[in-house]
Amino acid sequence: MSSPTVDTILLNSGHRIPRLGLGTWQSPSEEVRGAVVAAIEAGYRHIDTARVYKNEAAVGDGIQEAISRGLVRREDLFVTTKLWCTDHHPSRVLEACQKSLERLKLQYLDLYLVHWPVAWKPFPASQPDRTGLEPGMEPAPEIEKTPFFETWRAMEDLVDRGLVRSIGVCNCTPIFMHDLLSYARIRPAVCQVEMHPYMPQPALVQWCNKEGIHVTAYSPLGSTDRVPRLLEDAVLREVGAKYGRSPAAVALRWAYQREGASTSVIPKSVHAARIRENFELTGWALDQADMDRLSSLPTSFRYVHPAQRFGVPLF
Ligand code: NDP
């Protein structure tokens, strides 16, 4: 059995998170099972999915295949999934978590994140698989009056029940988390946000580090098919050429090497060669001048824009 080679960080929950994980948003079910097995074979021990990605069952199949082939033990894996906006009401949180566990074929989650700090009413029973992100589908999502502290209490209950080891949030600002900390019995262990050289988020990273909240960087390669293309940036290419590495390797190493080092990164790929390449984060380093250059590129861009998805400018 191969042992994990990527570093881990101790969360405020007492559990450890591997600093590199496999992202699975937009990974089709028919491809993600193989991607998960390839990642585990390459040494990944952290897998990130969500109910809304509609691939939890296939991710679970990949995990089961890796375990049954003796590539990994369940206890050496760190599996994250997320509570969708239609499940924020405290009466629906437990069932949402149990259904994710069922699809993933797991007894517990390592991390359960609230996907967006926005509560939506559930969709009609005639549309059981709706997420609200399907373009043009009626009815449009409706905001539900569920205060976040009620959702958070239900998340804390999942920890008490032993279904979830750590809980956290995504897409939240420090001011939102500051409020959350005023009532949280169990502090968020992780905040997952978009972070890459076009969106370095230094103030958020610094604040989270101070509060003991781990930051996971999503869309670290500039996400899928979005312009401006981060991986075509002239500085990333130039820095990559200097080290004999690809722009993707430069973006991931930048994320890994940031000051404070309390961050993890979850690049998505469904291709085994890229999955392996993305794991080569250690054994080389960017010099400080290149780190500074990558942290202060003239382009600033958010790839996952909440206003388009939620009609609410959250940031
Ligand atoms: P990434 O920034 O990880 O980029 C993924 C894209 O890069 C895909 O098109 C992939 O293609 C390509 N790619 C991967 N590796 C390489 C490589 N070495 N060279 C060139 N291209 C490469 O995008 P995501 O937006 O998917 O973010 C990563 C993960 O973060 C998500 O999958 C999800 O798990 C999480 N996330 C969480 C969000 C939240 O709200 N909490 C929001 C968005 C993402 P291919 O697959 O064809 O290799």
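Residues numbered from 1 in each chain as written. Predicted model: local features only at pLDDT ≥ 70, side-chain atom pairs only at ≥ 80, totals over all residues. Heavy atoms only, no water.

Some thoughts on the pairing of strand 8 (residues 190-194)
Burial analysis of strand 8 places 5 of its 5 residues in the buried class, the great majority of the element. As paired elements, strand 7 (residues 164-170) and strand 8 share 3 bridges and run parallel to each other. Bridging from a neighbouring strand, V169 pairs with C191 of strand 8. Each parallel crossover has a hand, and for strand 7 linked through helix 5 (residues 174-183) to strand 8 it is right-handed. Judged from the 5 bridges that link them, strand 8 and strand 9 (residues 214-218) form a sheet pairing that is parallel. Among the inter-strand pairings, Q192 is bridged to a residue of strand 9, identified as T216. Once you follow strand 8 into helix 6 (residues 202-211) and on to strand 9, the crossover reads as right-handed. (Buried < 20%, exposed > 50% of the residue type's maximum accessible area, 1.4 Å probe, protein only. Helix = DSSP H or I, 4+ residues; strand = E, 2+ residues; numbered from the N terminus. Pairing = 2+ DSSP bridges. Right-handed = clockwise from strand over helix to strand, strands pointing away.)

Observations concerning the environment of A272
Tracing the chain through its elements places A272 in helix 9 (residues 272-278). With relative accessibility at 32%, the residue A272 sits in the partly exposed group. Between the C-alpha atom of A272 and that of E75, which follows or precedes it by 197 residues, the distance is 24 Å.

With respect to the packing of helix 7 (residues 234-243) against helix 10 (residues 288-295)
Contact geometry of helix 7 with helix 10 gives a least axis separation of 10 Å together with a crossing angle of 165°. One finds that helix 7 runs roughly antiparallel with respect to helix 10. For the pair helix 7 and helix 10, the crossing hand works out as left-handed. Packed against helix 7, whose contacting residues are V235, L236, E238, V239, K242 and Y243, the element helix 10 presents D290, R293 and L294 at the interface. For the contact of helix 7 with helix 10, the residue count by class is 5 nonpolar, no polar and 4 charged. (Axes fitted to C-alpha atoms, helices over the stretch in contact; angles between N-to-C directions. Parallel < 35°, antiparallel > 145°, perpendicular 65-115°, else oblique. Left-handed = near helix turned anticlockwise from the far one by under 90°. Contact = heavy atoms within 4.5 Å. Nonpolar A, V, L, I, M, F, W, Y, C, P; charged D, E, K, R; others polar.)

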